[in-house]
Structure formats: C-alpha cells, structure tokens
Amino acid sequence: MAKIPVQFTLNGAEKAEFFDSGTTLLNALRDKIGDTSPKGGCHQGTCGACSVIIDGELRLSCLTLAETCNGAAITTTSGLSQGGVLHPLQRAFLDAFATQCGFCTPGMIMAAKVLLDHTPDPSRDDVVEALSGNICRCTGYEPIIQAVLTAARSNSQNAA
Amino acid sequence: MALALQTFSTVKDANAALKAAGTRYLGGGTLVVRAANEGDVSVSSLIGSTEPALSAIIVSGDKVRIGASVTMAAIARHPDLVALARAARAVGGPAIRNVATVGGNLFAPAPYGDFTVALLALDAIVSTEGGEKPIETFLAKRESNHAIVTEVGFTLPAEGLRFLKVSRVKPKGVSVLCIAAVLEQAPDGTVSSAHIALGCMADRPMRAKAAEKALLGKKLTSDGIAPALAVASDGTSPVTDPIASAWYRNEVLPVHLGRLLLA
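Being a predicted model, the structure only gives us computed values, none of them experimental. (Residues numbered from 1 in each chain as written. Chains lettered and ligands numbered in written order. Predicted model: local features only at pLDDT ≥ 70, side-chain atom pairs only at ≥ 80, totals over all residues.)

Lay out the sheet that holds strand β1 (residues 3–10) of chain A in plain terms, naming residues and giving numbers.
All names here are of chain A. Overall, mixed pairing links the 5 strands, which are arranged β2-β1-β5-β3-β4 in an open sheet. The open sheet terminates on both sides in strands that have one partner only, identified here as β2 (13–20) and β4 (57–60). Each strand axis lies, on average, 40° off the axis of its neighbour in the sheet, ignoring direction. Judged from the 2 bridges that link them, strand β3 (residues 51–54) and strand β5 (residues 73–75) form a sheet pairing that is antiparallel. Opposite Ile53, over in β5, you have Thr75 as the bridge partner. Across the sheet, helix α1 (residues 25–33) lies against β1 and β2, angled at about 100° from β2, the strand it touches most. (Pairing = 2+ DSSP bridges. Helix = DSSP H or I, 4+ residues; strand = E, 2+ residues; numbered from the N terminus. Axes fitted to C-alpha atoms, helices over the stretch in contact; angles between N-to-C directions. Contact = placed C-beta atoms within 7 Å.)

Which residues make up the sheet that holds strand β7 (residues 131–134) of chain B, and what values do they have?
Residues and elements named next belong to chain B. Ordered in space as β4-β5-β8-β6-β7, the 5 strands form an open sheet in which the pairing is antiparallel. Looking at which strands have only one partner, the edges of the open sheet turn out to be β4 (57–60) and β7. Each neighbouring strand pair of the sheet contributes to a mean axis angle of 20°, computed without reference to strand direction. Pairing analysis gives 4 bridges linking strand β6 (residues 125–128) to β7, with the strands arranged antiparallel. Looking at the pairing, Ser127 lines up with Glu132 of β7.

Before we move on, could you go through the interface of chain B and chain A and cite the residues and values that matter?
The interface is formed by 19 residues belonging to chain B together with 25 residues belonging to chain A. Of all the secondary-structure elements, those providing two or more residues to the side of chain B that touches chain A are β1 (4–8), α2 (32–37) and α5 (94–97) of chain B. In the side of chain B that touches chain A, the residues fall into 10 nonpolar, 6 polar and 3 charged. (Nonpolar A, V, L, I, M, F, W, Y, C, P; charged D, E, K, R; others polar.)

Go over the domain arrangement of chain A with me, naming the residues and quoting the values.
Residues and elements named next belong to chain A. Entries for chain A in the domain assignment read domain 1 (3–79) and domain 2 (88–159). For domain 1 versus domain 2, the distance between C-alpha centres works out to 21 Å. Between domain 1 and domain 2, the contact holds 13 residues from the first and 12 residues from the second. Per element, the largest residue contribution to the side of domain 1 that touches domain 2 is 3 residues, and it comes from β3. Considering only residue class, the side of domain 1 that touches domain 2 consists of 7 nonpolar, 5 polar and 1 charged. (Domains from an automatic or database assignment.)

Quick rundown of the nonpolar core? Include the residues and the values.
Counting residues in each nonpolar core, the largest one holds 130 residues, and the members touching the most others are Ala112 of chain A together with Ala118, Ala121 and Ala180 of chain B. Each residue touching Ala118 of chain B, except ones within four places of it in the same chain, is listed here: Leu84, Ala87, Leu161, Phe163 and Ala180 of chain B. (Core = buried A, V, L, I, M, F, W, Y, C linked by C-beta atoms within 7 Å. Buried ≥ 20, exposed ≤ 12 C-beta atoms within 10 Å, placed from the backbone.)

If you had to explain the pairing of β4 of chain B to someone new, which residues and values would you point to?
Residue and element names in this part refer to chain B. In terms of strand pairing, β4 meets strand β5 (residues 63–67) through 4 bridges, oriented antiparallel. The residue of β5 that forms the bridge with Ser60 is Lys63. Between β4 and β5, which pair antiparallel in sequence order, lie 2 residues; one of them, Gly61, sits at a positive phi of approximately 65°.

Can you break down the packing of helix α10 (residues 222–230) of chain B against helix α11 (residues 246–262) of chain B residue by residue, with the values?
All names here are of chain B. The N-to-C vectors of α10 and α11 enclose an angle of 140°; their axes lie 10 Å apart at closest approach. The orientation of α10 with respect to α11, classified from their angle, is oblique. For α10 against α11, the interelement crossing comes out right-handed. For the pair α10 and α11, the contacting residues are Ser222, Ile225 and Leu229 in the first and Pro254, Leu257, Gly258, Leu261 and Leu262 in the second. The class makeup of the residues in the contact of α10 with α11 is 6 nonpolar, 2 polar and no charged. (Parallel < 35°, antiparallel > 145°, perpendicular 65-115°, else oblique. Left-handed = near helix turned anticlockwise from the far one by under 90°.)

Explain the pairing of β6 of chain B to me, and be specific about the residues and the numbers.
All names here are of chain B. In this antiparallel pair of consecutive strands, β6 and β7, the connection spans 2 residues. For β6 and strand β8 (residues 149–155), the ladder comprises 4 bridges, and the chain directions are antiparallel. Residue pairing in the sheet places Thr128 in a bridge with Val149 of β8.

Lay out the domain arrangement of chain B in plain terms, naming residues and giving numbers.
Residues and elements named next belong to chain B. Domain annotation of chain B identifies domain 1 (4–49), domain 2 (53–155) and domain 3 (162–262). Taking only C-alpha atoms, the centre of domain 2 and the centre of domain 3 are 20 Å apart. Residue-level contacts link 19 residues of domain 2 with 22 residues of domain 3. Within the residue set of the side of domain 2 that touches domain 3, elements represented by two or more residues are α4 (82–89), α7 (114–121) and α8 (135–140). Tallying contributions element by element places α7 first for the side of domain 2 that touches domain 3, with 6 residues. For the side of domain 2 that touches domain 3, the per-class residue count stands at 11 nonpolar, 4 polar and 4 charged.

This is the structure in structure tokens:
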C-alpha cells in the first residue's frame, strides 16, 4: 500500500508525514504525530472523544481520513495552553470539577471552543446543543455545562 | 486493512472508478469510515469526487436543488431552507452535521436517516448520472444503486414541513422514530393533500399511505385525525434495536403522529 504524503498545521506548527492510505486522522495524530489528546472512544462517530477542530469546524477525527486534511489547520486540546498558562476553558473545567475520568474532556473542550469562537456569550441551551455530540459517563454533564458558561463569562470579562 | 482513497474531479470519472469490486463512495464518512472502523473488510477502496455541483444549493422561488455533498450543517444555516432546518439538525451532533451529507443520508439504515424522512414527505427527486427517480422508488432499490447521487430536488411546501424526531436522549439521540408531514388544507380547513413519511418504522423511510388517505377531507382536530391515527401503523415493519422494540415503535407511533398533526 502506497504511503500518502500529507501536510497540515497542528496547533500552529507545520507537520508533514507519510500515512498509509485510509489512515484516520485520529490514528495519524496519536500514533504518528504523537498528539494523544484526541481520544479513541467508539470509533463510530457517536461519543465525540476524538473531536478536533479542522479549519474552524468541529470534526470527529475517527471518521476523518488523514489524507483529506492536506493543507488544513488542525487544533487539538493539547495546543490550547500558552506558555504554561491554561486556556480559560481548561481552567474552568478544572475549577468546576467538570472532569472525572477525563476521557471525554479533550473532546468536550474542543466542542466548547468552537461554540465560544462563534458565540462568545452563549445561553445554557446553546452549550447543551454544542456538547450534544459528546458523551460523558462520569459527571452527569452539569459541571461541564457550568464550566463552559464560566469560561464564556471569564472571556467576556477579559475582553472588557 | 488499509483503504485506498481515490478522488476525482468529475462525477463521471468517479462513477467509472466505482465499477471496480470492493469500492464504496466516500461522502462525509459517517457511514463508510465507520463501517471500516468496525472491521467491514468488504470495502477496500474509497471513491470521492470534488465536482463543485455536488456542493451547491440552488433555490429558485419554491424550487430547491441540493447537491449530494451538501452537509446537514449547511442546510441548517441556509436562510432559504428554514423549513428543513429542524430535520437537518435532527441528524447527529454538531461534528456529525459538519460532514454528514444529503447523499449519504439516503443510504443510512434505520435507526438513522432522519433527513431522508423529510425528503420523502417532500416527494423529492433523486438524481444520478443515469437520470432522475422519485425518492420512494429510489429508496426501495437503494442497495442496487451503483451510480453516485448528484442531487435531490423538491418544491418547498407552501404550508411548511412538519417534522418530529422522537429520541430518549435530548437534544441529540438516536431515533425511536421520526415523522415528517407535508399537508395542504382547503379554505374550510379540511386536508386536501397529505404526504406523511415515517422513519424507523421499516428498514428504511416509508410513507404512511393509509394514514394519508384517511386524513383527506378531515379537519386537523382530535376527532378529525382519529381515523388516520387508527391506521398509522398499517404496513409498518419497525426495526428492533437497543433504542426500542418493533412493538414499542408501533405502539407509540399514533401518539406522536397525533401530536405532530395537532401542533
């Protein structure tokens, strides 16, 4: 099977790699690039643990073939902190105890980031809708919803 | 097993490549990559096409043509397709809607394929390189379709599209069932035309023809719709899956159809 050359930016850094044709972006990121923040949960597009942001859109890396990402800008949760300072969403998840086992957390944070990028002052319903493709089996969701709302308020205070 | 992806700039070339054994068309990947992830070894090669017409939405008056590669997210945010937004948003979560296509939804097995239920109520026309087919005919033989769907076309209903998805998890959950209805009413309020489509009540979306017939000439009141609800389950053969049993789906169908008709 021929290797396919693929170039994209991952959290702002240029990446160039050869992948087997048909490799999912999830496997490409975790096994070849070494970014293990997207998690492989169901591999069916159901759980959202593998969520990443591709060119500003929330996508499931388990259903996305790496070779279709040529030239794309990919963001994962591992790229959110800057200079050792956590992103407001990460800070809010910690403070609100919105993570227990932590497996769903990177996907939740990606879904929440896309929401806040487009809707800086979301309603609770907006948050619930934005997280509706992400499953958490620990928290009961409420701490996660509150964390996202808190991060939104913290963003707007910082911007003021 | 590695999958070879071949992408073609025209549908014609992609159709030619699809004739080879072991090939499947790759739209958004929510069906075919999922199948590969689950170990479906019948697929060895994926075919894609970047032909621009596949991603076009053309609205001309009340006539709509939607390219097969148009995503649920694109439909949900399109200002001229507000009537379809609820059905488009019924599919998956935000990440799924960013990639799930109109063309792919036509092939989604129950309990998926909610958007196709809306298209069936709209009496959509499904186009391939080989010609056009009414959606009901297309769905009946979708397994034997080997040509890439290029677009779906329909007329926006003057009195709107009624759509209801019933799921146990809110706001996103797999369908217990879903119902779409396009009704026309005479000036006296009686139903003059009814197209009712059901999801999860068979292995693919189906029309509730007995209920449609029973609605004609009736008003949309509890008494008026009672005969239609009594025959709502005629001809159904619902799926049984972890979401609901066939028995349960048949039991609750009239309740939800009633709510949709009286809404």
